[in-house]
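Chains, contacts and geometry: an overview
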Amino acid sequence: MIKKLLFPVAAVLFFLCGCVPAEYVLRVDPGARTPVTVAALLPLTGSNRIYAAKMREGLLAAATDINANGGIQGRQLQLEFIDTCGTAMGTRTAVDRVQEVNAAAMIAGYSTEEVSNIIQYSAALRTPTVIPLATSNLHQDVSPFVYRNCYSNAQQMAVLAAYLYHWRTVRRGAVFIDRTGATEYSREVARDFAQSVQDLGGEIVDTVILPESGEIPEPVILNMLAHDPEFILVTSQGKRSADILKILRKKGFTGIICGADSWDDLRFMDALLDTEPGDCLYTAFFSPENRSPEFKRFRQSFRKRFYHNPGACETQSYDALKFLAIALQNAGNLFEFDKNWRTIRSYNGAAAVYTMLKKGDIDRTVYLNSIGVRRGKHLVPYGRLSHKLQYSKLEDYKITETPDKL
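Structure report, in brief. In this text the structure is predicted, and so the values were computed from the model without any measurement.

Helix and strand content of the protein chain: 13 helices and 14 strands. Based on the C-alpha atoms only, the size of the protein chain along its principal axes is roughly 65 × 55 × 40 Å. Contacts in the protein chain between residues far apart in sequence, at least 24 positions, make up 68% of those at least 6 positions apart. Counting every atom, the protein chain has about 17,900 Å² of accessible surface; 52% of that belongs to carbon and sulfur. With 47 positive and 43 negative side-chain charges, the protein chain shows a separation of 5 Å between the mean positions of the two kinds.

Dropping the structure here:
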């Protein structure tokens, strides 16, 4: 609430007095001709180092593209990769490095917890920070300097619920909340999904909180299935999501099993090897089936440089840095940065179509993937595009009851 009040008040003072409060002046000298430094705070040696490496490649691709097209107001963009180790202590050390290199802006990655550790320093550093991948609803409330090019948990769950309700015409669902791994993420996703289903007129018939021990008790599974759900949301990550999915199928559930963006992960798909996953659905940041010219151009140049196709981490990070470069043009304070940021409207990025809104909010494409199976010596599951929706268009898809249906 403090952030939401202070920013409008400061804006009024800015326009009335023609001056900017010191706390909203960016750490950048608009008159200098030296490179503009952007700090990428990533868990390069943490438990998520594989994803940090992918983000790094996307950022390098974007920096090359930006510098080849004039940089930032004629100045080259210089990326400074800083290791957070994925910990609070490592982040504190990384923040000291941000000050040393006088970074004009930051990219924050990868997970919800890691990003939370980073953005608590954004206001004190006067450093605009873009989140490419962490989806917590709460991140933008931390500081007016925080922006995102990823959707929030509330947004992705609203799209998933709308698709189930309107396209698949299912109404009764159940939800797993997992207390192992990313507990905060699991709880938030489950809560947002349940609320979205209920807002549409559907029903959550059972909610199961799995124990911290990591067990998946059989009686709990059987009790959930006894409620006769048509769809079940699994909020776990990686191999654990796959384990729960396989148990549900083994116990005879033939309905839709769905998940959030955490399913868009090789660890999840690898754990489903030689499995018939059945009818499944999950949200994703991007699809390799994206036909936008920007993605096709990015994929071609990326593959030429890194010898593999980009995924969600690479593509989201690429877009994040491109947007930072747009917002930093001629920006000496947060008001100018924010104004530039909101010029990004109906923008066909590499990952999605974006429109930036007030207070760091966003409207963008959400992809919905199903799981296909390649058949050969082994059954090899893979993600495939099922549908895509622009978040702002959800209202257009609502079905209005007519008198003859009542």
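Right, let's talk about unusual backbone geometry for a bit. Glycine aside, the phi torsion of most residues is negative, and most peptide linkages are trans. Residue Tyr-110 is reached from Gly-109 by a cis peptide bond, and omega for that bond is 15 degrees. Tracing the backbone shows Tyr-110 in the loop between strand S3 (105–108) and helix H4 (112–119). Positive phi, close to 50 degrees, is recorded for Thr-169, a residue that is not glycine. Of note, Ser-346 is a non-glycine position whose phi angle comes to about 50 degrees, a positive value. Structurally, Ser-346 is set in the loop between helix H13 (334–341) and strand S11 (347–348). Judged by relative accessible area, Ser-346 falls into the exposed class, the value being 53%.

Enumeration over the complete set of coordinates arrives at 16 salt bridges. Put simply, Asp-338 and Arg-342 hold a salt bridge, and the shortest N to O gap is 2.9 Å. Because the salt bridges share partners, they merge into one network encompassing Asp-65, Glu-294, Arg-297 and Lys-322.

With that out of the way, let us pick up the environment of Gly-259. You can see Gly-259 is positioned in strand S9 (residues 256–259). Spatially, the C-alpha atom of Gly-259 lies 19 Å from that of Gln-390, the residues being 131 residues apart in sequence. Gly-259 has contacts with Leu-160, Leu-233, Val-234, Leu-281, Tyr-282 and Thr-283, leaving out every residue within four places of it along the chain.

To continue, consider the sheet that holds strand S2 (residues 77–83). The sheet built from five strands is open, its strands ordered S2-S1-S3-S4-S5 with parallel pairing. Where the open sheet ends on each side, the last strands, each with one partner, are S2 and strand S5 (146–148). This sheet shows a mean twist of 25 degrees between the axes of neighbouring strands, independent of strand direction. Set on the sheet, helix H2 (residues 49–68) makes contact with strand S1 (36–42), S2 and S3; between it and S2 the angle comes to about 170 degrees. Packed onto the sheet, H13 meets strand S4 (129–131) and S5 and runs at close to 10 degrees relative to S5.

Two elements in contact, helix H12 (residues 312–328) and H13, have axes separated by 7 Å at closest approach and are oriented at 125 degrees. With respect to each other, H12 and H13 are oriented oblique. Relative to H13, H12 is oriented so that their crossing is right-handed. Residues Phe-323, Leu-324, Ile-326, Ala-327 and Leu-328 of H12 form the contact with H13, whose participating residues are Glu-336, Phe-337, Asn-340 and Trp-341. Across the contact of H12 with H13, the residue classes break down as seven nonpolar, one polar and one charged.

For helix H6 (residues 153–167), built from 15 residues, the straight-helix expectation of 21 Å at 1.5 Å per residue is met to within 8% by its first-to-last C-alpha distance of 21 Å. A large share of H6 lies buried, amounting to 13 of its 15 residues. Just beyond H6, the residue with positive phi is Thr-169, at close to 50 degrees.

Within the largest apolar cluster, 107 residues are counted, with the highest numbers of intra-cluster contacts made by Val-38, Leu-160, Leu-164, Phe-193, Leu-321, Phe-337 and Trp-341. Ranked by the residues each element gives to this core, the list is headed by H12, at ten residues. Contacts of Leu-160, omitting those with residues within four sequence positions, involve Phe-193, Leu-233, Cys-258, Gly-259, Leu-281, Thr-283 and Leu-368. In terms of nonpolar packing, the next biggest core, distinct from the first, is built from 24 residues, Ile-232, Phe-268, Tyr-282 and Ile-371 among them.

Note on placement: Glu-188 falls in helix H7 (residues 183–200). Summary of buried charges: Glu-188 has no salt-bridge partner, and the nearest side chain of opposite charge, Arg-191, is 4.2 Å away. Discounting residues that sit within four places of it in the chain, Glu-188 has contacts with Thr-135, Ser-136, Asn-137, Leu-138 and Asn-153.

Next up on the list: the packing of H2 against H12. Where H2 meets H12, the axes come as close as 7 Å, and the angle between the chain directions of the two elements is 40 degrees. What the angle tells us is that H2 and H12 run oblique. In this structure, the crossing between H2 and H12 has a hand that is right-handed. Listed contacts from H12 to Tyr-51, Lys-54, Met-55, Glu-57, Gly-58, Leu-59, Ala-61, Ala-62, Ala-63, Asp-65 and Ile-66 of H2 are Cys-313, Glu-314, Ser-317, Tyr-318, Leu-321, Lys-322 and Ala-325. When the residues that make up the contact of H2 with H12 are grouped by side-chain class, the tally is eleven nonpolar, two polar and five charged.

Here is what the cut-offs are and how they apply
- Residues numbered from 1 in each chain as written.
- Predicted model: local features only at pLDDT ≥ 70, side-chain atom pairs only at ≥ 80, totals over all residues.
- Heavy atoms only, no water.
- Helix = DSSP H or I, 4+ residues; strand = E, 2+ residues; numbered from the N terminus.
- Contact = heavy atoms within 4.5 Å.
- Areas by Shrake-Rupley, 256 points an atom, 1.4 Å probe, with all protein chains shown as cover.
- Lys, Arg positive; Asp, Glu negative; His and termini not counted.
- Charge placed at Lys NZ, Arg CZ, Asp CG, Glu CD.
- Buried < 20%, exposed > 50% of the residue type's maximum accessible area, 1.4 Å probe, protein only.
- Salt bridge = Lys/Arg side-chain N within 4 Å of Asp/Glu carboxyl O.
- Pairing = 2+ DSSP bridges.
- Axes fitted to C-alpha atoms, helices over the stretch in contact; angles between N-to-C directions.
- Parallel < 35°, antiparallel > 145°, perpendicular 65-115°, else oblique.
- Left-handed = near helix turned anticlockwise from the far one by under 90°.
- Nonpolar A, V, L, I, M, F, W, Y, C, P; charged D, E, K, R; others polar.
- Expected span 1.5 Å × (residues − 1).
- Core = buried A, V, L, I, M, F, W, Y, C linked by side-chain atoms within 4.5 Å.

Everything listed is a geometric property; what it means functionally is a separate question.
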